[in-house]
Amino acid sequence: MADGVAIPRHVAIIMDGNGRWAKKRFLPRVAGHKAGIDAVRRVTRAARAMGIDALTLYAFSSENWRRPEDEISDLMALMRVFIRSDLDELVRENVRLRVIGDYRRFSPDLVVMVDDAIARTAGNTGPILAVALNYGSQAELANVARRLAERAMRGEIDPAEIDTGLIESQLDTYDLPPLDLLIRTSGEVRLSNFLLWQAAYAELLFTETLWPDFDGDALADAIAIFGQRQRRFGGL
């Protein structure tokens, strides 16, 4: 708690609206994605300053492969730029980088860059920055079910022992704090296959602000709203 405001331990953001931001300015979509990278920097820095333990950003969904090839190429190029320009800061600020999703589908050079970034921050003990890359929650849950079924077939576990705790231990987010607050920018009101299990008791906040315009003040406003919510988790 800071200045009387309850601070969520784990915040996740669906970063939406880059294309619309660019369209409003008669700019190509890649300009919106570049501005979105600037927003990532602002928000991750603000989250650290506020004392948020874990920030999860939906950077590239498993459905984003349906976009035009040139836009996918632009997004991959921006990922490379972000890693090259911001990794030293993450190391210096004691941030641990986590990636959820099957990022190994990306080009080999980008996979190497991501692996290196994860390795360089693995020993850090500060806040976690989790980036969802080629992530889809339904696929995540299907993978968990498949792994548990295979273990049961091998006799390693009794199907009767499978409970919510065991499932959560197999999720991509197994080592992150429980999700407290999920924010989606740009006015869309849906989860888009993001952290469906994890969001079961998270507070949801949908804002009209386009992602490139989101900043530390907008994050502070979202946390202030979070602090006003009464979280009962099914109780009274």
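My aim in this report is to walk through the structure given alongside it, one point at a time. Each chain carries its own residue numbering, running from 1 in the direction its sequence is written. Owing to the predicted nature of the model, reporting of local features is limited to residues with pLDDT of at least 70; listing and counting of side-chain atom pairs is limited to 80 or more, with chain, interface and lining totals taken over all residues. Only heavy atoms go into the side-chain values, all of them from the structure, while hydrogens and water stay out.

## Focus on helix α3 (residues 69-92)
Next, step 1: By the criteria applied, helices consist of DSSP H or I runs no shorter than four residues and strands consist of E runs no shorter than two, each listed in order from the N terminus. One less than the number of residues in a helix, times 1.5 Å, gives the span that helix is expected to have. The end-to-end C-alpha distance of α3, which contains 24 residues, comes to 35 Å, matching closely the 34 Å that a straight helix rising 1.5 Å per residue would cover.
Next, step 2: A residue's bend is the angle separating two fitted axes: one through the seven residues that end there, the other through the seven that start there. Bending of α3 peaks at approximately 50° at the position of Asp86.
Next, step 3: Two residues or fewer after α3 comes Asn94, characterised by a positive phi angle close to 65°.

## Here's the deal with the pairing of strand β2 (residues 54-61)
Every regular strand shows the same layout, with side chains that alternate between the two sheet faces.
Next, step 1: Of all 8 residues that make up β2, 7 are buried, and the element is covered over most of its length.
Next, step 2: By the convention used here, strands pair only if DSSP detects at least 2 bridges between them. Bridge analysis of strand β1 (residues 10-14) against β2 gives 5 bridges, and the strand direction is parallel. Following the sheet pairing, Ile14 is matched in β2 by Tyr58.
Next, step 3: Sheet topology places β2 next to strand β4 (residues 128-135); 7 bridges connect them, and they run parallel. Looking at β4, one finds that Thr56 is bridged to Ala130. In this scheme, a residue with accessible area under 20% of its type's maximum is buried, one over 50% is exposed, and one in between is partly exposed, where area comes from a 1.4 Å probe on protein chains only.

## So, unusual backbone geometry
As a rule of thumb, non-glycine residues mostly have phi less than zero, and peptide bonds are mostly trans rather than cis.
Next, step 1: Despite not being glycine, Phe26 shows a phi value in the positive range, around 55°.
Next, step 2: Along the chain, Phe26 turns up in the loop between α1 (18-24) and α2 (29-50).
Next, step 3: Even without glycine at this site, Asn94 takes up a positive phi of about 65°.
Next, step 4: Following the sequence through the fold, Asn94 ends up in the loop between α3 and β3 (96-100).

## Some details on a nonpolar patch on the surface
Next, step 1: Patch criteria: residues need more than 30% relative accessible area and no salt bridge. Like-charged residues are merged within 9 Å; nonpolar side chains of Val, Leu, Ile, Met, Phe, Trp and Tyr are merged within 5 Å. Method for areas: the Shrake-Rupley scheme with a 1.4 Å probe, in which residue coverage is limited to the protein chains shown. Here, a salt bridge means any side-chain nitrogen of Lys or Arg that lies within 4 Å of a carboxyl oxygen of Asp or Glu. A contiguous nonpolar surface patch, about 240 Å² in accessible area, is contributed by Val189, Leu204 and Phe206.
Next, step 2: Its location among the elements puts Leu204 in strand β6 (residues 203-206).

## Points about the sheet that holds β3
Next, step 1: Read across the sheet, 6 strands follow the order β3-β4-β2-β1-β5-β6 without closing on themselves; strand pairing throughout is parallel. Each of the sheet's edge strands pairs with one partner strand only, and the pair in question is β3 and β6. Across the sheet, the axes of successive neighbouring strands diverge by a mean angle of 20°, strand direction being ignored.
Next, step 2: Sheet topology places strand β5 (residues 181-184) next to β6; 4 bridges connect them, and they run parallel. Convention adopted: a line fitted to C-alpha atoms gives each axis, helices being fitted over their contacting stretch, and angles between N-to-C directions are expressed from 0 to 180 degrees.

## Brief notes about the pattern of salt bridges
Two side chains with opposite charge may pair up if their charged atoms get near one another.
Next, step 1: Here the structure, examined in full by the defined rule, presents 19 salt bridges.
Next, step 2: A salt bridge links Arg20 to Asp16; its shortest N-O distance comes to 3.2 Å.
Next, step 3: Here Arg190 ties to Glu188 by a salt bridge, and the two come within 2.9 Å at their closest N and O atoms.
Next, step 4: Among the charged side chains, a network of salt bridges with common partners joins Asp16, Arg20, Arg184, Glu188 and Arg190.

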